[in-house]
Amino acid sequence: MNATTAGIEGSGVLEGAVVAVAGAAGPAGRATLLSLAERGATVVASDSNAERLAEAVDAARYAHGGATVTGETVDLLDLDAARAWADRTEAEFGRIDGLVHLVGGWRGGSSFAGTSLADWDFLEKLLIRTVQSTSLAFQEALQRSDRGRYVLISAAGASRPTAGNAAYAASKAAAEAWTLALGDAFRKAGGDAGPTSAAAILVVKALVHDAMRAERPNAKFAGFTDVTELAEAIADVWDRPAGEVNGTRLWLTPQS
């Protein structure tokens, strides 16, 4: 038994784990904080919106008495800031066992010809640059963990882009490629024994939550993934061997 598993023998794999969540203040982030805390993880959350982040962190703490859930604003467009966040986390808690990347956003139009390159500039930063920052900042710590996981949330549209969705789909596809490259780094580090850490992509058509249903009570949201289901799927990535999930796309919606 090494330092990362000492004291958690016989418990769930996330009991005592340290998991960072980027983009934690939205509905998916809130559900993920709750799920990870419920499974016994120490959760270190970040978001650009300090007020919403504080609300999400408080909700997770109150829902699970005794859970350690912290939050801070981090500029994930700044690699040095992301590395400082990773360094602070490892220094305070002794290890890092996961990074869940939930930073998201969407811009698009009705036609290919009407695509705005300003949308690309926005999405490149939001959906690609932040993935680059978190993966580069957390790779070494995740590799030191015997259960390290990097989890990216992506969209089915990355594999089948539509005319008006070019900027979004291309950004998601680039983020997926970057994450799969991280997975290859984990594979190579594992050598003949196989990887002990993994980079995995969870693919959804789109996400839905209770507020959306309340706003559109007659909508069917066909093929959408509820944020609570997503949160459970994120936590479940730790239940599977690293070699099984590393470098894979795990579909939560029917593959198109």
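As the structure is a prediction and not an experimental result, all values here were calculated from the model.

Caption draft 1: Fine view of helix 1 (residues 27-38). Taking 1.5 Å of rise per residue, 12 residues should cover 16 Å, and helix 1 covers 17 Å from first to last C-alpha, within 8% of that figure. Taken together, the buried positions of helix 1 are occupied by Ala 28, Gly 29, Ala 31, Thr 32, Leu 33, Ser 35, Leu 36 and Ala 37. Remark: Gly 40 follows helix 1 within two positions and exhibits a positive phi of approximately 95°.

Caption draft 2: Region of interest: the pairing of strand 3 (residues 69-72). Pairing between strand 2 (residues 42-46) and strand 3: four bridges, direction parallel. Paired with Val 44 across the two strands is Thr 70, which belongs to strand 3. Where the polypeptide runs from strand 2 across helix 2 (residues 50-63) and back to strand 3, its parallel neighbour, the crossover connection is right-handed.

Caption draft 3: Broad picture of the confidence of the model for the protein chain. With 95% of its residues at a pLDDT of 70 or more, the protein chain has an overall mean of 93. Long-range and interchain partners of residues 1-10, a stretch whose pLDDT sits below 50, account for 14 contacts in this model, where long-range means more than four residues apart.

Caption draft 4: Structural view of the packing of aromatic side chains. All chains considered together, the criterion is met by two aromatic pairs. When the ring of Trp 85 is compared with that of Phe 138, the centres are 5.1 Å apart and the planes differ by 80°; the resulting orientation is edge-to-face. With Trp 85 in helix 3 (residues 79-93) and Phe 138 in helix 4 (residues 117-144), this pair connects stretches of sequence that are 53 residues apart. Note on Trp 85: relative accessible area 0%, which makes it buried.

Caption draft 5: Geometry of the packing of helix 4 against helix 5 (residues 166-190). Between helix 4 and helix 5, the least distance of the axes is 9 Å, while the angle of their chain directions is 10°. With respect to each other, helix 4 and helix 5 are oriented roughly parallel. Crossing of helix 4 against helix 5: the hand is right-handed. Along the lines of polarity and charge, the residues of the contact of helix 4 with helix 5 split into 17 nonpolar, six polar and three charged.

Caption draft 6: Layout of the environment of Ala 22. Mapped onto the elements of the fold, Ala 22 is located in strand 1 (residues 18-22). A C-alpha to C-alpha distance of 8.5 Å links Ala 22 and Leu 76, two positions 54 residues apart in sequence.

The rules behind each value
Residues numbered from 1 in each chain as written. Predicted model: local features only at pLDDT ≥ 70, side-chain atom pairs only at ≥ 80, totals over all residues. Heavy atoms only, no water. Helix = DSSP H or I, 4+ residues; strand = E, 2+ residues; numbered from the N terminus. Expected span 1.5 Å × (residues − 1). Buried < 20%, exposed > 50% of the residue type's maximum accessible area, 1.4 Å probe, protein only. Pairing = 2+ DSSP bridges. Right-handed = clockwise from strand over helix to strand, strands pointing away. pLDDT = per-residue confidence, 0-100. Contact = heavy atoms within 4.5 Å. Phe/Tyr/Trp six-rings, centres within 6.5 Å; stacked < 30°, edge-to-face > 60°. Axes fitted to C-alpha atoms, helices over the stretch in contact; angles between N-to-C directions. Parallel < 35°, antiparallel > 145°, perpendicular 65-115°, else oblique. Left-handed = near helix turned anticlockwise from the far one by under 90°. Nonpolar A, V, L, I, M, F, W, Y, C, P; charged D, E, K, R; others polar.

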